[in-house]
Amino acid sequence: LDFRNRELQDSRKRLRHTQGRLSQACEDFKAERAGLQAELRALGESGKQLGDSLAAQKALLERQSETLTHERMNVDLLRDEVQRMR
């Protein structure tokens, strides 16, 4: 049980680290995207195409955010499982 508990704790640490990196990447992307939208409107048709591309990236970012939320829930479940095992 101690080995399994240690393994769960290590997994939780890795998940938290990954979550932190993903959250920072999401925030960086959001900030960059906000500035780009204003510039794209000034570019006309080519700006529209770039805007469409950014919209697709936004959808991907939202899916990744949902995945991150799911992973956080899994961490909580693992934490509960560790508590239950104790």
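Just above sits the structure.
Every chain begins its residue count from 1, and numbering advances along the sequence as written. Where totals are concerned, whole chains, interfaces and linings use all residues; where local detail is concerned, this predicted model gives features only for residues with pLDDT of at least 70, and gives and counts side-chain atom pairs only at 80 or more. Remark: hydrogens and water are excluded; side-chain values derive from all non-hydrogen atoms of the structure.

Undergrad: How do you make sense of the overall build of the protein when you look at a structure like this?
TA: Per the secondary structure count, the protein includes two helices and zero strands. Across the protein, every contact between residues at least 6 apart in sequence was considered, and the portion connecting residues at least 24 apart equals 76%. For the protein, the accessible area works out to roughly 6,600 Å², and carbon and sulfur atoms hold 53% of it. A positive count includes Lys and Arg, and a negative count includes Asp and Glu. His and the chain ends are not counted in either. Every charge is mapped onto a representative atom, which is NZ of Lys, CZ of Arg, CG of Asp or CD of Glu. Seen as two clouds, the 17 positive and the 15 negative side-chain charges of the protein have centres 4 Å apart. Numbering of helices and strands starts at the N terminus; helices are DSSP runs of H or I of at least 4 residues and strands are runs of E of at least 2. The criterion used for residue contact is that any of the two residues' heavy atoms lie within 4.5 Å. The Shrake-Rupley method, run with a 1.4 Å probe sphere, supplies the accessible areas, and residue values consider only the shown protein chains as cover.

Undergrad: What's the story with the pattern of salt bridges in this structure? I'm lost.
TA: Side chains that carry opposite charge are capable of pairing whenever their charged atoms lie near each other. We define a salt bridge as a side-chain nitrogen of Lys or Arg found within 4 Å of a carboxyl oxygen belonging to Asp or Glu. This model, assessed by the stated rule, comprises three salt bridges. Put simply, Glu62 and Lys58 hold a salt bridge, and the shortest N to O gap is 4.0 Å. Highlighted residues: Glu62 and Lys58, both in helix H2 (residues 45–85), separated by four residues, approximately one helical turn. Salt-bridge contacts for Asp76 lead to Arg79; the nearest nitrogen and oxygen are separated by 2.9 Å. Within this pair, Asp76 and its partner Arg79 are both found in helix H2, separated by three residues, close to a single helical turn.

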